[in-house]
Amino acid sequence: MSESDDDIITEAKKRFSDAYSFETTARNNYDKSLKMYFATSENGWAWADADRQSRIDTGRPCLTTNRVRIHCLQIINAGRQSKPAIKIRATGGGASYDSAQILEGLVREIENRGGQDAYDCAMFNQVAGNIGYVRLLAKYADDDSFSQDIFIERIANSKNVLLDHNIQMQDGSDAKWGFIFKDEPRDSNPEYKDMNGGATFDVDDNSNSWTTAEYIRVAEYYRIITVKDKLYASQDGTTIKRSQIVGEDGKPDKAAIKLVEQHATKTRNIDVKKLEWFTIVGNEITDRKELPGSIVPIVRFASEESIINGQLDRYSHISWLTDPTRMINLFNSNAVETLGYASKTQWLISAAALEGHKGQWDNSANETFPYMIYNDFDETGSREIHPPIRAPQPEYPEGYGQALKQAEQDLTFASGQEPASFGNSDVAERSGKAIDARVRESNKSTAHFVTRMSQAVRLVGRIIISWIPVYYDVQKTISILQMDGSPLMVGIDPSQPNAHSINPEFDENYPAQEIAEVLYNPLIGKYAVISDTSEDLPTRRMEGVKALSQIAQEIPEAWPVMADQVVSMMDIPDGDILIKRFRRMVPKQATGEGPSPADQQMQQALAQTNKTMNDLHQAYTELKSKTLVDLDQKKIDWFKAISERLAILGKIDPMGTMPLAREEISQELQSPVNPFIAAHAIENQILQQALGQIQPQGDQTANGGSPPMAPEQTDPNEVPINPNQQGQA
């Protein structure tokens, strides 16, 4: 049976009333804590009302020294510097590391659209009040678009929120309902004027009547409902819900359901959570819709909480500092009162001395006179009057100083924040390490605020990744920031077969073009959310520069390898130019472009082998050169010896030297020399014959000579014999 609007409104008002009654004490203390944070001398919120009024009525000093503000800012600003970051991890379903990085970039882009301001506001209310909230909602990107974007918005006043008081999870992720409400003047909207009025109420009223003659309550009501469904598993392990098997008209496809049931390997009944949202104005529902996910998109930044006697109470950081602060203000005011009136100390003077000069003495506390006149004798002139003297000046009571010091120690002890946290340290803590150690020790006392903030931010991430597949269901291009701060153009495309892929149309030579570098399908993949509470990117950059600079000092040869990265983390003018120059100096092995370690070892071994071969070749060349020189010298010595021997023999028997010369030459050539001599003789005869034919024939006959004769045919191996040695031959 479907619910009527009256049923929904009745349910909402009942839940609202129960939650308000449960949180009454906590809501009252929220105001008290904020008043202490914003306490000044003008508003006097740091004083108990009765004490302040009493001092004002009697004209006594009522000073305000607001020390709780700086104690709170230490936590708030530290949280801003170490703001938790949402990290996405792929867990299956086609998700990959690259797709998780893209999803993380999308979440970071959503946070940058007001999310960081929302976190700051929530943490302020958490520390200075006693609880903070942020909300998530989807809005159209602009007036000309049907595409919706996800936004994180702040809730400035935490008292405008009521969340399911039966939650068990610290982050409130198990809340079944929640309200964001505000009391609007009727004249702020023409539609409000026609709605029926009711009993009088204010913002903190938990009555069931949400209308008055002048105001009307506008409440956004979220609730989780449970719907029965059935889950089917196929042979390949994929699952599908019965509610997902629908036809083109959006209605259940009975034939398809029957087919799935026949082939399903496993089935079970399940409860499916659905998130509904209503706008209730007074006693009417003016808007409603079903939202994606199953978590109420109201995220709380909780502080310390207690439930005693059925009443919830929350404790801000100021809750523990109220009494020490009031003690400091009291003792400071008393000290000023005591010492401030010292200049108005009364005079001890006789009435006779004042006679005729009372006006001057009455004004001595307000005016400065160059001299004071008094009567030094009585009216008869017979009795001398002593000069006026001041009464002893009041001294600063020693007990005030001790009490003030004790109050300051109580404030430090209650806050858990040592003086080193505020830049003050004892003489024994002058070193940086000692001060940092004391600061870390102080941070332990306030770490629960950062922990609760981290839990809240993680829940924000869970809600976002459950909404992205619904609101990012059309093709579009989005520029996201990567972890290092560099932009990346991402194409959202639900039709892609993979969760992450490189866009084939992207040209890296023209990176400025408005074309997505990667494509992302938000419908594919399962992801988990974690939160990282490390410092923000600028802080990490500065710490990185310090760390790398220290490495460069200890290992100077590493500087060329890391110089470009160090400069890239510095926010300096023309840093890009320096980065390009330093990158030219980086060895290719450091960038992975050079040879692998195995190849380097092989190259070194080859180079050593080449060096050894070169050394051997050089040694061989030197030895060969020396050997040739020795052989040449031996030949010279042999030729000289043979020449001298032939010269001596030639004097005795000139013709007898020829056989000896031929023998020595044959031994030197290691070949018989006679064929060479015979060939030379034939060539010489042919040359002589040719020369004879060129001469004129007449000249020969004229001289009585005979014509030239043809040379005899000789055996080329036959050696001409000297006639004088024929017998010997």
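Our subject is the structure listed above.
Residues numbered from 1 in each chain as written. Predicted model: local features only at pLDDT ≥ 70, side-chain atom pairs only at ≥ 80, totals over all residues. Heavy atoms only, no water.

1. Digging into the overall build of the protein chain
What counts here: Strands here mean DSSP runs of E at least two residues long; helices mean DSSP runs of H or I at least four residues long; both are numbered from the N terminus. Residue burial is assigned from relative accessible area. The probe radius is 1.4 Å, only protein chains are included, and a residue is buried under 20% of its type maximum, exposed over 50%, and partly exposed in between. Contact definition: two residues touch when any of their heavy atoms are within 4.5 Å. In these tables, accessible area is a Shrake-Rupley quantity obtained with a 1.4 Å probe, and a residue counts as shielded only by the protein chains included in the view.
For the protein chain, the count of helices and strands is 21 helices and 19 strands. Among the 729 residues that make up the protein chain, the fraction classed as buried is 34%. Taking contacts inside the protein chain between residues at least 6 apart in sequence as the whole, the part at least 24 apart equals 67%. When the accessible surface of the protein chain is totalled, it reaches about 45,000 Å², and 52% of it is carbon and sulfur.

2. Some thoughts on the packing of aromatic side chains
Rules: Each aromatic pair joins two rings of Phe, Tyr and Trp (for Trp, the six-membered one) with centres within 6.5 Å, and gets the label stacked for planes under 30 degrees apart, edge-to-face for over 60, and tilted for any other angle. Counted as over-ring charges are cases with an Arg CZ or a Lys NZ within 6 Å of the ring centre that also lie within 35 degrees of the ring normal.
By the definition in use, this model includes 13 aromatic pairs. Note on Phe38 and Phe124: the rings are 6.0 Å apart at their centroids and 50° apart in plane angle, and the pair reads as tilted. One end of the pair, Phe38, is in the loop between helix H2 (24-37) and helix H3 (49-58); the other, Phe124, is in helix H5 (residues 97-129), with 86 residues separating them in the sequence. On the basis of relative accessibility, which here comes to 42%, the residue Phe38 falls in the partly exposed class. Joined through ring pairs, the aromatic side chains of Phe16, Trp177, Phe179, Phe181, Trp210, Tyr221 and Phe278 make up one cluster. The residue whose ring lies beneath Arg113 is Phe151, and the NZ or CZ to ring-centre distance is 5.1 Å. The lysine or arginine in question, Lys476, covers the ring of Tyr472, its NZ or CZ lying 4.1 Å from the ring centre.

3. So, the sheet that holds strand E2 (residues 131-140)
Note the following rule: Strands are labelled as partners when DSSP assigns at least two bridges between them. Throughout, an axis means a line fitted to C-alpha atoms (over the contacting stretch in the case of helices), and angles, computed between N-to-C directions, take values from 0 to 180 degrees.
Taken in spatial order, the three strands make up an open sheet running E3-E2-E10, and their pairing is antiparallel. Each edge of the sheet is formed by a strand with only one pairing partner; in this case those strands are strand E3 (148-154) and strand E10 (298-302). Strand-to-strand twist of the sheet, defined as the mean angle between neighbouring strand axes without regard to direction, takes the value 20°. Strand contacts of H5: E2, E3 and E10, with the helix running at about 20° to E3, the strand carrying the most contacts.

4. Observations concerning unusual backbone geometry
At Asn309, a position not held by glycine, the phi torsion is positive, near 55°. One can find Asn309 in the loop between strand E11 (304-308) and strand E12 (311-315). Residue class for Asn309 comes out exposed when judged on its relative accessible area of 77%.

5. Focus: the environment of Pro292
Among the secondary structure elements, Pro292 is positioned in the loop between strand E9 (284-291) and E10. Judged by its relative accessible area of 10%, Pro292 falls in the buried class. Residues Pro292 and Glu276, 16 residues apart in the sequence, show an inter-C-alpha distance of 8.8 Å. Among all residues touching Pro292, those that are not within four sequence positions of it are Leu275, Ser466, Trp467, Val470 and Tyr471.

6. Digging into the pattern of salt bridges
If charged atoms from side chains of opposite charge come close, those side chains can pair. Note the cut-off: By salt bridge we mean one thing: a side-chain nitrogen of Lys or Arg within 4 Å of a carboxyl oxygen of Asp or Glu.
This structure, assessed with the given rule, holds 25 salt bridges. Across the pair Glu23 and Arg314 runs a salt bridge whose closest N-O atoms are separated by 3.2 Å. Pair noted here: Glu23 is in the loop between helix H1 (5-22) and H2 and Arg314 is in strand E12, with a separation of 291 residues, a long-range link. By relative accessible area, which is 3% here, Glu23 ends up buried. Of the charged contacts, one joins Asp149 and Lys476 as a salt bridge, the two residues approaching to 3.4 Å between their closest N and O atoms. You can see Asp149 sitting in strand E3 and its partner Lys476 sitting in strand E15 (residues 476-481), a full 327 residues away along the chain.

7. Quick word on the pairing of strand E16 (residues 487-492)
For E16, the tally of buried residues reaches five of six residues, placing the bulk of the element in the interior. Counting the residues between successive antiparallel strands, the hairpin from E15 to E16 contains five residues, one of them, Gly485, with a positive phi of roughly 90°. Here three bridges tie E16 to strand E18 (residues 518-520), and the two strands are oriented parallel to one another. Pairing of Val490 across the sheet is with Val518, part of E18.

8. Some remarks on the sheet that holds E15
Hydrogen bonds between backbone atoms are what pair the strands of a sheet, whose relative direction is either parallel or antiparallel. Strands sit in the order E15-E16-E18-E17 across an open sheet of four strands; the sheet is mixed. The open sheet is flanked by E15 and strand E17 (500-502), the only strands paired with a single partner. Along the sheet, successive strands turn relative to each other by an average axial angle of 35°, direction set aside. Contacts from H5 reach E15, E16, E17 and E18 within the one sheet, and its direction differs from that of E15 by about 85°.

9. Details of H2
Test applied: Residue count minus one, scaled by 1.5 Å, sets the expected span of a helix.
Counted at 1.5 Å a residue, the expected span for H2 with its 14 residues is 20 Å, and the 21 Å between its end C-alpha atoms agrees. Within the sequence span of H2, burial applies to Ala26, Arg27, Tyr30, Ser33, Leu34, Met36 and Tyr37.

10. Side note on the packing of helix H4 (residues 68-81) against H5
Rule in force here: Roughly parallel covers angles under 35 degrees, roughly antiparallel covers those over 145, roughly perpendicular covers 65 to 115, and oblique covers all other angles. For a crossing to be left-handed, the near helix must be turned anticlockwise from the far one by less than a right angle; the clockwise case is right-handed. Residues are grouped as follows: Ala, Val, Leu, Ile, Met, Phe, Trp, Tyr, Cys and Pro are nonpolar; Asp, Glu, Lys and Arg are charged; all remaining types, including Gly, are polar.
Across the interface, H4 lies against H5 with an axial gap of 10 Å and an inter-helix angle of 150°. It follows from the interaxial angle that H4 and H5 lie roughly antiparallel. Here H4 runs over H5; the crossing is right-handed. Where H4 abuts H5, its residues Cys72, Ile75, Ile76, Gly79 and Arg80 lie against Asp120, Met123, Phe124, Val127 and Ala128. A per-class count over the contact of H4 with H5 returns seven nonpolar, one polar and two charged.

11. Observations regarding a nonpolar patch on the surface
For clarity, the threshold we go by: Residues form patches when they are more than 30% accessible in relative terms and have no salt bridge. Like charges link within 9 Å. Nonpolar side chains (Val, Leu, Ile, Met, Phe, Trp, Tyr) link within 5 Å.
On the surface, Met570, Ile572 and Leu578 cluster together into a nonpolar patch covering about 200 Å² of accessible area. If you trace the backbone, Leu578 turns up in helix H16 (residues 575-584). Among the residues examined, Leu578 registers a relative accessible area of 31% and is labelled partly exposed.

12. A look at H1
In this model, H1 (18 residues) spans 26 Å end to end at C-alpha, consistent with the 26 Å of a helix rising 1.5 Å per residue. Burial in H1 covers these residues: Ile8, Ile9, Ala12, Lys13, Phe16, Ser17, Ala19, Tyr20 and Phe22.

13. Quick word on the pairing of E10
For E10, the tally of buried residues reaches five of five residues, placing the bulk of the element in the interior. Where burial is concerned, the two faces of E10 agree: the one with Ile298, Arg300 and Ala302 and the one with Val299 and Phe301 are both buried. One ladder, built from five bridges, connects E2 with E10; its direction is antiparallel. Looking at the pairing, Gly132 lines up with Phe301 of E10.

14. What about the packing of H2 against H5?
Following both chains from N to C, one finds H2 and H5 inclined at 95°, their axes separated by 8 Å at the closest point. If you check the angle between H2 and H5, you find them roughly perpendicular. Mapping the contact onto sequence places Tyr30, Ser33, Leu34 and Tyr37 in H2 and Phe124, Asn125, Ala128 and Gly129 in H5. Its residues assigned to classes, the contact of H2 with H5 shows five nonpolar, three polar and no charged.

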